[in-house]
Amino acid sequence: MAPWMAKTHGFWLGWPGDALPGEPEGRARLMREWEEEHGYVAVEIPAKISRSFYEGYANDTLWPLLHGFPTRVVFAPDSWVAYRDANQRFADAVVSRAQKGDLIWAHDYQLMLVPQMVREQSPDSRIGFFLHIPFPSSEVFRILPEREELLRGLLGADALAFQTHGHLHNFRRSLLQVLGLESQMDSVQIDGRTVHLSALPIGIQSDEWEALLRDDRKVAKRRAELNARHHGRKLMISVDRLDYTKGIPERLRTFRRFLRSSPSWRGKVTLVQVAVPSRERVPAYAELRSEVSELVGEVNGDFGTPEWQPVVYLRRAVNKQELAALYSAADLAWVGPVRDGMNLVAKEYVACQHDGDGILLLSEFAGAAHELGEALRINPYDEVGTAEVIERALEMPSEERAERMAALHERVHRNDAVVWAERFIDGLRTATATTRKTMRKDRPTPDLPALTAAFTQAERRLLLLDYDGTLTDIKPRPQDAAPTPRLTGLLRDLTTLPNTTTAIISGRSQADIERWFGDIPDLGLAVEHGALMRAPGADGWEMLRGGMDLSWKDHVAPVLEQFAASAPGSLVEYKDYALAWHYRLVDAEFGAWLANELVTTLENLLAGTELAVIHGNKVVEVRYAWANKGEVAAHLAASYRRKSFVMAVGDDRTDEDLFGSLPRSAWTIRVGTGSTTARFRLPGPREVRAVLRALVEA
Ligand code: GDG
């Protein structure tokens, strides 16, 4: 981020760890200096929280989980509390400094709640988030007790980016499985906002590495020394944080196998393993440290000679010049993580092989493998296969190696860190610009004082309300969406208002609606999209058009049943005048595909009849073409003249018929997202109920 930050003169907020002096005055002075001179803002986290936040939730829970190691995950409720607390401190620090129009970019798994926390305090903020590490399969992710909060935390952003399409795909599956939220390839809708989604592999500052090799005399000297020292031998380099995701023990065991199976290479190849100690207070890391030391000892003990040490193990950080010299002197870089978001070492090696013929051995489980196709791929778990690839690499002709490296170099150079950051920021700008434009262009929320004034001043009033998704949230099973006593109370209150007619117009069957609302005598009820109606105050139900032949149901039902059988979780609903196939619980992609198949089949079957096939929200329905909400609405609204107040509220495609049939002056309100002809929009059922309550009180 450094080159990008230098260009933008933005603030860089971070936790300073132990970098500040304990004594308060010196602390405050240093913090002031950092902020004024460099734009570095130290977000302080008290010691008793920082440990559970950083070593705890971030590195003992999220790190193993997101890397797909569920058995390493530590579940500790207290550390979640600390994580939330630390995220809140970051969010507060952001909000206190951000000015209108600023772009806010949050990074990585330690700060997954920050986007939502910032959005809560400052709803118009422009927020992006980049996840540097993998996002696992939804089967793994949903193990986490806090899965919902974390997803909602991320969804506070306007733009979310991942290292690879695979991670993005996994994230989308989790949205679906955990939150029931469907998404597009590049976006998802939540709370009436669009969150843009993308895969954006991070780059490195390749210029800096090249400049070191070109201009730094120390680097040139070290490189020459290394070449001389390893003359006549192949030099292999590995550089990792000492972390169990990096595959260090796997690599050492594979190297041992290679030396065993290829005796001719003994004495002719050296592996330099740089392993930088990291997170040493997390027990898993301490164990790894001993395991690696032991393995290094074994390989060197088994194969070493007085003249030759197979593994040179550096368990410390080395400076950047030393690293550049190592990268450029090495004949082969062995990058073998068992799971890695991207892996920058792979790219740094490539940068340092400008005009070189080094070979990159790259694990297929590193994000970088998706970009660096000319590397030799390995499966780090497969010792035998990897040992063979090493042999092949060491024997590969120089021309082929140079050719592969030139292609790799070109790609790493082109997608460098600044290009990457610019792409992210451009994406965030576009995302927030389009969101704002659509919000401006889109339907406004109805102005409550104006609405209640129009309502109270009108001589007569008509309220037409859809049920599912409008008065109550959509539930996975239709039968779970029964109204609460509060909701039926609200509807009853509406029916007692003078000169007011209230009706529910639903796609549901008569049985459901009668059971739930039958005992509110003055509530109008229309079911099956208006095929059947109980007029307000009337005793019985009547059909909108009478006397049809229902024999078509005998032909259509078996088709629907056949589809239901091939998609577990889907079901056929039998209504009096319609049949429907519901697939809300079916795997989203499979369900959508099957639904299209069903629509085609039914359209062929029913061509030329008065029946229509309607593909609604997770449902395919066969019903009379004339039975639509518009017909009922027109029927009910016929006697209402211009001075009347007419309001219609709905959330579904079928409610568009309702809106379309009413005069332009009606208060038509679409609930949730989706294109609409309604004049207004409300985010969800909760807001609809609040509006209705306001009418009662007015
Ligand atoms: C996370 C993701 C993703 C290492 N040893 C020394 C040293 N390093 C530098 C390397 C490289 C960096 O550390 C390591 O980066 P990685 O990408 O390999 O891995 P993580 O630290 O796990 O980073 C990862 C990354 O975020 C970026 O999005 O690629 O997948 O896990 O730059 O050069 N630097 C110096 N001395 C060392 O001894 N100076």
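Note: the structure precedes this text.
Residues numbered from 1 in each chain as written. Predicted model: local features only at pLDDT ≥ 70, side-chain atom pairs only at ≥ 80, totals over all residues. Heavy atoms only, no water.

J.: Could you give an account of the sheet that holds strand E7 (residues 187-190), with specific residues and numbers?
T.: Within a sheet, each strand pairs with its neighbour through backbone hydrogen bonds, oriented either parallel or antiparallel. The strand order across the open sheet built from six strands is E3-E4-E5-E8-E7-E6, with neighbouring strands paired in mixed fashion. For this open sheet the edge positions go to strand E3 (103-107) and strand E6 (183-184), each flanked by a neighbour on one side alone. By the bridge criterion, two bridges tie E6 to E7 in an arrangement that is antiparallel. Across the sheet, residue Gln 184 finds its bridge partner in E7, namely Ser 187. (Pairing = 2+ DSSP bridges. Helix = DSSP H or I, 4+ residues; strand = E, 2+ residues; numbered from the N terminus.)

J.: Quick one: what's the story with the nonpolar core, residue by residue and with numbers?
T.: Residues Leu 150, Leu 155, Leu 160, Phe 171, Phe 255 and Leu 361 are the most contacted members of the largest nonpolar core, which totals 91 residues. One finds Leu 471, Leu 490, Trp 552 and Val 671 within the second-largest nonpolar core, a separate group that totals 63 residues. (Core = buried A, V, L, I, M, F, W, Y, C linked by side-chain atoms within 4.5 Å. Buried < 20%, exposed > 50% of the residue type's maximum accessible area, 1.4 Å probe, protein only.)

J.: Tell me about the site of the ligand, residues and numbers included.
T.: Around the ligand there are 21 residues in total, and His 132, Val 318, Asp 340, Leu 344 and Glu 348 lie nearest to it. The separation between an oxygen atom of the ligand and a polar side-chain atom of Glu 348 is 2.5 Å. Burial of the ligand by the protein amounts to 80% of the accessible area it has alone, namely 730 Å². By residue class, the composition of the shell around the ligand is twelve nonpolar, four polar and five charged. (Near = heavy atom within 4 Å. Polar contact = N/O pair within 3.5 Å; in protein donor to acceptor, adjacent residues only side chain to side chain. Areas by Shrake-Rupley, 256 points an atom, 1.4 Å probe, with all protein chains shown as cover. Nonpolar A, V, L, I, M, F, W, Y, C, P; charged D, E, K, R; others polar.)

J.: Tell me about the sheet that holds strand E17 (residues 523-527), and name the residues and values.
T.: A sheet is described by the order of its strands in space; here eight strands give the open sequence E19-E18-E17-E16-E15-E24-E25-E26, paired in mixed fashion. A strand with exactly one partner marks an edge of an open sheet, and here the two such strands are strand E19 (542-543) and strand E26 (680-682). Contacting strand E15 (461-465), strand E16 (500-505) and E17, helix H19 (residues 485-495) crosses the sheet at an angle of about 140 degrees to E16. Strands in contact with helix H25 (residues 685-697) are E15, strand E24 (645-650), strand E25 (667-671) and E26; relative to E24, the strand with the most contacts, it is inclined by about 160 degrees. (Contact = heavy atoms within 4.5 Å. Axes fitted to C-alpha atoms, helices over the stretch in contact; angles between N-to-C directions.)

J.: If you had to explain helix H13 (residues 320-329) to someone new, which residues and values would you point to?
T.: Given 3.6 residues to a turn, an α-helix orients residues that are three or four positions apart in the same direction. With respect to burial, H13 is a largely interior element, eight of its ten residues being buried. Among the residues of H13, Glu 322, Leu 323, Ala 324, Ala 325, Leu 326, Tyr 327, Ser 328 and Ala 329 are the ones counted as buried. Against helix H9 (206-215), helix H10 (217-229), strand E9 (234-241), strand E10 (269-276) and helix H14 (344-351) lie the buried residues of H13. At the N-terminal boundary of H13, the capping side chain belongs to Asn 319, with an oxygen 3.2 Å from the backbone nitrogen of Gln 321.

J.: Describe in detail the packing of helix H3 (residues 47-66) against helix H4 (residues 77-97), supporting the description with residues and values.
T.: Here H3 crosses H4 at 110 degrees, and the two axes come no closer than 8 Å. With respect to their mutual orientation, H3 and H4 come out roughly perpendicular. Read as a crossing pair, H3 and H4 show a hand that is left-handed. Where H3 approaches H4, its residues Ile 49, Ser 52, Phe 53, Gly 56, Tyr 57, Ala 58, Thr 61 and Leu 62 are matched on the opposing element by Ser 79, Trp 80, Ala 82, Tyr 83, Asp 85, Ala 86, Asn 87 and Arg 89. (Parallel < 35°, antiparallel > 145°, perpendicular 65-115°, else oblique. Left-handed = near helix turned anticlockwise from the far one by under 90°.)

J.: Help me get a handle on the pattern of salt bridges, residues and values and all.
T.: It is possible for side chains of opposite charge to pair when their charged atoms get near one another. What the rule picks out here adds up to 37 salt bridges. Residue Arg 222 pairs with Glu 322 through a salt bridge whose shortest N-O separation is 2.7 Å. Highlighted residues: Arg 222 in helix H10 and Glu 322 in helix H13, separated in sequence by 100 residues. Residue class for Arg 222 comes out partly exposed when judged on its relative accessible area of 27%. Glu 322 gets classed as buried once you look at its relative accessible area, which sits at 18%. Between Asp 243 and Arg 241 there is a salt bridge; the shortest N-O distance is 3.1 Å. In this structure, a network of salt bridges that share partners links the residues Lys 221, Arg 222, Glu 225 and Glu 322. (Salt bridge = Lys/Arg side-chain N within 4 Å of Asp/Glu carboxyl O.)

J.: With reference to specific residues and values, describe the pairing of strand E13 (residues 359-363).
T.: E13 sits mainly inside the fold: five of its five residues count as buried. Sheet topology places strand E12 (residues 332-335) next to E13; four bridges connect them, and they run parallel. Paired with Val 335 across the two strands is Leu 362, which belongs to E13. Chirality of the crossover, the property in question, places the unit of E12, H14 and E13 among those that are right-handed. Taken together, the three bridges between E13 and strand E14 (residues 376-378) define a ladder with parallel strand orientation. Within E14, the residue paired with Leu 362 across the bridge is Arg 377. (Right-handed = clockwise from strand over helix to strand, strands pointing away.)

J.: Tell me what's going on with the side chain of Ser 278, and back it up with residues and numbers.
T.: Position of Ser 278 among the secondary structure elements: in the loop between E10 and helix H12 (283-303). Here Ser 278 falls in the buried class, since its relative accessible area comes to 11%. A distance of 3.0 Å separates a polar atom in the side chain of Ser 278 from a polar atom in the side chain of Arg 241. Those residues in contact with Ser 278 that sit more than four places away from it in its chain are Arg 241, Leu 242 and Tyr 285.

J.: Lay out the packing of aromatic side chains with the relevant residues and their values.
T.: What the rule picks out here adds up to 32 aromatic pairs. Summarising the aromatic geometry, the rings of Tyr 244 and Tyr 285 are spaced 5.5 Å apart at their centres and angled 55 degrees between planes, so their arrangement reads as tilted. One end of the pair, Tyr 244, is in the loop between E9 and helix H11 (248-261); the other, Tyr 285, is in helix H12, with 41 residues separating them in the sequence. With respect to class, Tyr 244 is no different from Tyr 285; both count as buried. Measuring from ring centre to ring centre gives 6.4 Å for Phe 255 and Phe 258, while their planes differ by 15 degrees; the resulting arrangement is stacked. Here Phe 255 and its partner Phe 258 are both found in helix H11, three residues apart, which amounts to about one turn of the helix. In this structure, Phe 255 and Phe 258 share a single accessibility class: buried. Aromatic ring contacts, followed pair by pair, group Trp 15, Phe 53, Tyr 54, Tyr 57, Trp 80 and Tyr 83 into a single cluster. (Phe/Tyr/Trp six-rings, centres within 6.5 Å; stacked < 30°, edge-to-face > 60°.)

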